[in-house]
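The lines below spell out each chain.
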Amino acid sequence: MKVFEKAAELNQFLALGRANGKSVGFVPTMGALHSGHISLINKAKQGNDVVVASVFVNPTQFNNPDDLKKYPRTIEADKALLEKHGCNVLFFPSVEEIYPEKDNTIFDLGGLDNLMEGKFRPGHFNGVAMVVKRLFEIVQPNNAYFGEKDFQQLAIIRYMVKAELLPVNVIGCPTLREASGLAMSSRNMRLTEEEKIEAAAIYKAMLEAKENAKSFPPQKVKEFFENSISHNPIFKFEYFEIVDSETLLPLLEWNSERKAVGCVAIWIRDVRLIDNLLIFP
Ligand code: PAF
């Protein structure tokens with residue numbers, strides 16, 4: 001696996017491949033890689049000649065400096081894992097390489113950024129849009145792969161790519177779960193084994209919500225979810241929203257023509273977890 005820290009060198013290397021007709025698949029990450037990321041690498045390998053992964057903990061998407069400081073950084077393990085799974089190129093830039101000057105761009109994200117995560121993490125999605133656009137400009141991939149665990153992020157990246165007319169095909173990939181049902185996430189590394197076991201209750205509550213959606217309206221399903229989670233003192237509940245899968249707007253009633261997704265954010269101590277599940281139909 002080739003490792004680049006400089007954008008210009010990576011760009012030059014990929015231009016050579018592109019000139020020879022090679023397609024590029026890109027998996028942007030913030031590192032602390034797990035099987036979920038590897039499933040994106042595998043998907044990229046299936047559809048492209050060259051697979052590029054990036055590891056960059058993007059400061060502009062952290063509204064909370066403590067969260068940025070505590071974000072797990074495991075670059076040596078990440079390199080070994082990527083190599084083992086046949087990733088061809090790793091881009092591992094410094095903050096100065098990605099942001100040589102202060103970037104003050106404010107993206108119009110169609111209001112998709114005002115709900116759920118956007119409410120609790122002001123500026124987060126602007127930072128995500130900023131870094132993804134910058135990485136796309138450097139890598140110029142044909143296809144880019146993102147996990148569906150970050151459901152709102154995926155919708156916003158699709159919106160941004162369309163609005164900015166970026167020639168990249170954005171591909172969403174299913175969430176990978178532990179045997180317990182806990183969604184795989186780099187943040188799980190900061191949980192104790194006991195907390196991981198408790199955290200599986202989040203998925204269980206979402207499955208119950210899916211079941212309840214057969215008999216109750218969205219508002220009731222939300223109430224049941226909140227009650228079931230708030231029984232457990234380990235959780236600090238932030239939100240559970242049932243939204244239209246495309247507009248991300250909260251749903252007041254079920255519509256058999258539209259998909260409804262339940263999206264949740266919960267804290268365990270100082271670790272913030274998010275997850276989502278198709279609730280209806
Ligand atoms: O999902 C992530 O890991 C990050 O938000 C991303 C897309 C790599 C941008 O920093």
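That block above? That's the structure.
These numbers come from a predicted model, not from an experiment.

Okay, the packing of helix H1 (residues 7–19) against helix H7 (residues 124–139) next. Two numbers describe how H1 lies on H7: the axes approach to 8 Å, and their chain directions differ by 50°. Here H1 lies oblique to H7, going by the angle between them. Together, Ala7, Leu10, Asn11, Leu14 and Arg18 of H1 and Glu137, Ile138 and Val139 of H7 make up the contact between the two elements. For the contact of H1 with H7, the per-class residue count stands at 5 nonpolar, 1 polar and 2 charged.

Turning next to the nonpolar core. Formed by 47 residues in total, the largest nonpolar core has its most connected members in Leu10, Val52, Phe91, Ile98, Val132, Phe136 and Phe146. Sort the elements by how many residues they give to this core and H7 lands first, with 10 residues. Filtering out sequence-adjacent residues up to four positions away, Val52 remains in contact with Leu14, Val24, Gly25, Phe26, Val27, Cys87, Val89 and Val139. Counting residues in hydrophobic clusters, the runner-up holds 26 residues, among them Leu191, Met206, Val264 and Phe280.

A separate point is the environment of Leu166. Assignment of secondary structure puts Leu166 in the loop between helix H8 (151–163) and strand E6 (169–173). Take Leu166: its relative accessible area is 17%, and that puts it in the buried class. Linking Leu166 and Ser256, residues 90 residues apart in sequence, is a C-alpha distance of 33 Å. Beyond its immediate sequence surroundings of up to four residues, Leu166 is in contact with Lys133, Phe136, Met160 and Val161.

Let's shift gears to the pattern of salt bridges. Between side chains of opposite charge, pairing is possible as soon as their charged atoms come close. Enumeration according to the criterion identifies 20 salt bridges in this entry. Arg187 is paired through a salt bridge with Asp67; the nearest N and O atoms lie 3.0 Å apart. Of this pair, Arg187 sits in the loop between E6 and helix H9 (193–212) while Asp67 sits in helix H3 (residues 65–70); the two residues are 120 residues apart in sequence, bridging distant segments of the chain. Taking relative accessible area as the criterion, Arg187 reaches 12% and is therefore assigned buried. We classify Asp67 as buried; its relative accessible area is 12%. Between Glu246 and Arg258 there is a salt bridge, with its nearest N and O atoms 3.9 Å apart. Residue Glu246 is located in the loop between strand E7 (235–244) and strand E8 (260–268), and its partner Arg258 is located in the loop between E7 and E8; the two are separated by 12 residues in the primary sequence. Overall, Arg258 belongs to the partly exposed group, its relative accessible area being 31%. Connected via shared salt-bridge partners are Asp66, Lys70, Arg190, Glu195, Arg269 and Asp270.

Around the ligand, a shell composed of Pro28, Thr29, Met30, Asn58, Gln61, Val131, Phe146, Asp150 and Gln153 is seen. Here an oxygen atom of the ligand and a side-chain polar atom of Gln61 are 2.6 Å apart. Gln153 is positioned with one of its side-chain polar atoms (N or O) 2.7 Å from an oxygen atom of the ligand. Relative to its unbound accessible surface of 290 Å², the ligand loses 89% to contact with the protein. Residues of the shell around the ligand, tallied by class, amount to 4 nonpolar, 4 polar and 1 charged.

This next bit is on the packing of aromatic side chains. Inspection of the entire model under this criterion finds 10 aromatic pairs. Ring geometry for Phe216 and Phe224: centres 5.0 Å apart, planes at 80°, overall edge-to-face. When the ring of Phe225 is compared with that of Phe240, the centres are 3.8 Å apart and the planes differ by 10°; the resulting orientation is stacked. Linking Phe225 in helix H10 (residues 218–230) with Phe240 in strand E7, this pair joins segments that are 15 residues apart in sequence. In this structure, Phe225 and Phe240 share a single accessibility class: buried. Ring pairs connect the aromatic residues Phe26, Phe136 and Phe146, which therefore count as one cluster.

Structurally, Asp244 is set in strand E7. The exposure class assigned to Asp244 is buried, which follows from its relative accessible area of 6%. Here the side chain of Asp244 touches Arg258 through a polar contact of 2.7 Å, side chain to side chain. If we ignore the near neighbours within four places in the chain, the residues touching Asp244 are Leu249, Leu251, Arg258 and Lys259.

Spatially, 6 strands are ordered E1-E4-E3-E2-E5-E6 in an open sheet, and the strand pairing comes out parallel. Bordering the open sheet on either side are strand E1 (2–4) and E6, each of which pairs with just one other strand. The average undirected angle you get between the axes of adjacent strands in this sheet is 25°.

Consecutive side chains of a regular strand alternate in pointing toward one face of the sheet and then the other. Counting buried positions over the 6 residues of strand E3 (residues 50–55) gives 6, a clear majority of the element. Each parallel crossover has a hand, and the one from strand E2 (residues 24–29) via helix H2 (residues 35–47) to E3 is right-handed. Here 3 bridges tie E3 to strand E4 (residues 89–91), and the two strands are oriented parallel to one another. Looking at the pairing, Val52 lines up with Val89 of E4.

The rules behind these values
- All residue numbers here refer to positions counted from 1 along the written sequence of the relevant chain.
- With the structure being a predicted model, the display of local features is reserved for residues of pLDDT at least 70 and the display and counting of side-chain atom pairs for 80 or more, all residues being used for whole-chain, interface and lining totals.
- Side-chain figures throughout are based on the complete set of non-hydrogen atoms in the structure, without hydrogens or water.
- Axis geometry follows a simple rule: fit a line to the C-alpha atoms, using only the stretch in contact for helices, then measure angles between N-to-C directions, giving values from 0 to 180 degrees.
- Numbering of helices and strands runs from the N terminus, with a helix taken as a DSSP run of H or I at least four residues long and a strand as a DSSP run of E at least two residues long.
- Angle categories: roughly parallel below 35 degrees, roughly antiparallel above 145, roughly perpendicular from 65 to 115, and oblique for all the rest.
- In what follows, a contact means two residues having at least one pair of non-hydrogen atoms within 4.5 Å.
- Throughout, the ten residues Ala, Val, Leu, Ile, Met, Phe, Trp, Tyr, Cys and Pro are labelled nonpolar, Asp, Glu, Lys and Arg are labelled charged, and all others, Gly among them, are labelled polar.
- Each nonpolar core is a collection of buried residues, namely Ala, Val, Leu, Ile, Met, Phe, Trp, Tyr and Cys, held together in the definition by side-chain atoms within 4.5 Å.
- Only protein chains enter the accessibility calculation, which uses a 1.4 Å probe; a residue is then buried when its area is under 20% of its type maximum, exposed when over 50%, and partly exposed in between.
- Salt-bridge detection follows one rule: a side-chain nitrogen of Lys or Arg within 4 Å of a carboxyl oxygen of Asp or Glu.
- Residue proximity to a molecule or strand is established when one non-hydrogen atom of the residue lies within 4 Å of it.
- Pairs of N or O atoms within 3.5 Å make up the polar contacts considered here, provided that, within protein, one atom can donate a hydrogen while the other can accept it, and that residues adjacent in sequence are counted only when both atoms are side-chain atoms.
- Here the open area of atoms and residues is found with the Shrake-Rupley method and a 1.4 Å probe, where only the protein chains shown may cover a residue.
- Only rings of Phe, Tyr and Trp enter the pairing, Trp through its six-membered ring, and a pair is recorded when the two centres are within 6.5 Å. The plane angle decides the type: under 30 degrees is stacked, over 60 is edge-to-face, the rest tilted.
- Strand pairing is assigned whenever DSSP detects at least two bridges linking the two strands.
- When the strands point away from the viewer and the path from the first strand over the helix to the second turns clockwise, the crossover is right-handed.

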